[in-house]
Amino acid sequence: MTYDISLIRPEMRAEQIKPRGQGFSPARKAALRRGLRTLHALEIMAVNIYKCQITRLPCELNVQLTTAMCNEMTHMQDFQTKLAEYGFSPSKTRWAYWTAGYVFGLSSRVVGPQRILKTGIWAENKAVGHYRELLEGIDWDDETRAVIEKNRADEYGHIGRWEQLQRSTAAIC
């Protein structure tokens, strides 16, 4: 399936939110809980990386960082919603991902635009790997799988954006 990665905040309607997981085995529910908690925590980290990399300067890099942050906030909300639909709570250790996002974001910002881009590429490649593992390793319901696949497509889009900016001078703020 192909996804429009230029759409950074897809529309969501009230009727799309519903209870999920009734009749699922305990093992399947445990796998879903682990997967959704992992995705939610990683998206918290991604939001904080981008949030901390944005500067006050009016340049293309900041526009793209803000776009990526908004998109990652949508992903975080997607997984928070899915956790609630299944009756799960977020991971109690998500604060560690929040902190890691700040560390990666601030440290790359201090070094400069090229480090920001390298950090973005590294983080998004890690995300794509996690998405692949979780999509292959868990028996998702169709609607949740579609959300995960769309979010993974967005991560590939971020990698492409950061690689394109690496090759241009527009990223230099």
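The sections below set out a description of the structure shown in this document. Just so it is clear, the model here is predicted, and its values are computed rather than measured. Per chain, residue numbering runs from 1 following the sequence as it is written. Per-residue local features of the predicted model are confined to residues with pLDDT of at least 70, and side-chain atom pairs are confined, for both listing and counting, to 80 or more; whole-chain, interface and lining totals are unaffected and use all residues. The side-chain quantities take in all heavy atoms of the structure and omit both hydrogens and water.

### Re the pattern of salt bridges
Next up, step 1: Criterion for a salt bridge: a side-chain nitrogen of Lys or Arg within 4 Å of a carboxyl oxygen of Asp or Glu. For the structure on display, the rule yields nine salt bridges.
Next up, step 2: Across the pair E11 and R13 runs a salt bridge whose closest N-O atoms are separated by 3.3 Å.
Next up, step 3: For every residue, the accessible area obtained with a 1.4 Å probe (protein chains only) is divided by the maximum for its type, and the residue is called buried under 20%, exposed over 50%, and partly exposed between those limits. E11 gets classed as exposed once you look at its relative accessible area, which sits at 60%.
Next up, step 4: Residue classification places R13 among the partly exposed positions, given a relative accessible area of 45%.

### Looking at the packing of aromatic side chains
Next up, step 1: Between rings of Phe, Tyr and Trp, where Trp is taken as its six-membered ring, a pair exists when centres lie within 6.5 Å; planes separated by under 30 degrees are stacked, by over 60 edge-to-face, and by other angles tilted. Throughout the structure, instances matching the rule amount to six aromatic pairs.
Next up, step 2: With a centroid separation of 6.3 Å and 45° between ring planes, the pair formed by F24 and Y86 is classed as tilted. Within this pair, whereas F24 is found in the segment before α1 (26–53), its partner Y86 is found in helix α2 (residues 60–86), the two being separated by 62 residues in sequence.
Next up, step 3: When its relative accessible area of 22% is taken as the criterion, F24 is described as partly exposed. The helix and strand labels rest on DSSP assignments: H or I over at least four residues marks a helix, E over at least two residues marks a strand, and numbering proceeds from the N terminus.

### A few points about the environment of Y86
Next up, step 1: Exposure remark for Y86: the relative accessible area of 4% places this residue in the buried category.
Next up, step 2: In sequence terms Y86 and Q22 are 64 residues apart; their C-alpha atoms lie 8.4 Å from each other.

### Describing the side chain of T144
Next up, step 1: Looking at the element boundaries, T144 is found in helix α5 (residues 142–166).
Next up, step 2: Apart from residues lying up to four places away in sequence, T144 is in contact with R20, L36, K82 and Y86. Only heavy atoms matter for contacts: two residues are in contact if any of them lie within 4.5 Å across the pair.

### As for the nonpolar core
Next up, step 1: Nonpolar core, defined: a set of buried Ala, Val, Leu, Ile, Met, Phe, Trp, Tyr and Cys residues in which side-chain atoms within 4.5 Å join the residues together. Within the largest apolar cluster, 17 residues are counted, with the highest numbers of intra-cluster contacts made by Y50, L61, L65 and W162.
Next up, step 2: Elements represented by at least two residues in this core include exactly α1, α2, α4 (113–137) and α5.
Next up, step 3: Broken down by element, the residue count for this core peaks at five residues, all from α1.
Next up, step 4: Residues contacting L65, with those up to four places away along its chain left out, are Y50, Q53, I54, I116 and W162.

### Comments concerning α2
Next up, step 1: For a helix, the expected span equals 1.5 Å multiplied by the number of residues minus one. If you check α2, its first and last C-alpha atoms are 39 Å apart, about what 27 residues at 1.5 Å a residue would give, namely 39 Å.
Next up, step 2: The first or second residue beyond α2 is G87, which carries a positive phi of 85°.

### Details of the environment of G120
Next up, step 1: Positionally, G120 belongs in helix α4.
Next up, step 2: Distance in space between the C-alpha atoms of G120 and G105 is 9.0 Å, their sequence separation being 15 residues.
Next up, step 3: With residues up to four places along the chain from it excluded, the contact list for G120 reads Y50 and W162.

### Structural notes on the layout of surface pockets
Next up, step 1: A cavity, in this analysis, means grid points on a 1 Å lattice covering only the protein atoms where a 1.4 Å probe fits yet has no way out; a pocket is instead an open set bounded by protein on both sides within 12 Å along at least five of seven lines, and a residue lines either one if it has an atom within 4 Å of a point. Grid points are joined across faces, edges and corners, and a volume is the space filled by probe spheres set on the points. One number sums up the size of the largest pocket: a volume of about 470 Å³.
Next up, step 2: Taken together, 23 residues form the lining of the largest pocket, with E11, M12, Q16, D78 and V147 sitting closest to its centre.
Next up, step 3: Those elements giving two or more residues to the lining of the largest pocket turn out to be α2 and α5.
Next up, step 4: Ranked by residues supplied to the lining of the largest pocket, first place goes to α2 with seven residues.
Next up, step 5: Across the lining of the largest pocket, the residue classes tally to seven nonpolar, seven polar and nine charged.
Next up, step 6: Approximately 180 Å³ is the volume attributed to the second largest pocket.
Next up, step 7: Surrounding the second largest pocket, 15 residues form its lining, L42, M45, A123, K126 and A127 being those nearest its centre.
Next up, step 8: Breaking the lining of the second largest pocket down by element, the ones donating at least two residues are α1 and α4.
Next up, step 9: In terms of residues, the lining of the second largest pocket owes the most to one element, α4, which gives seven residues. Classification convention: Asp, Glu, Lys, Arg as charged; Ala, Val, Leu, Ile, Met, Phe, Trp, Tyr, Cys, Pro as nonpolar; all other residues, Gly among them, as polar.

In short, shape yes, function no, at least from these values alone.
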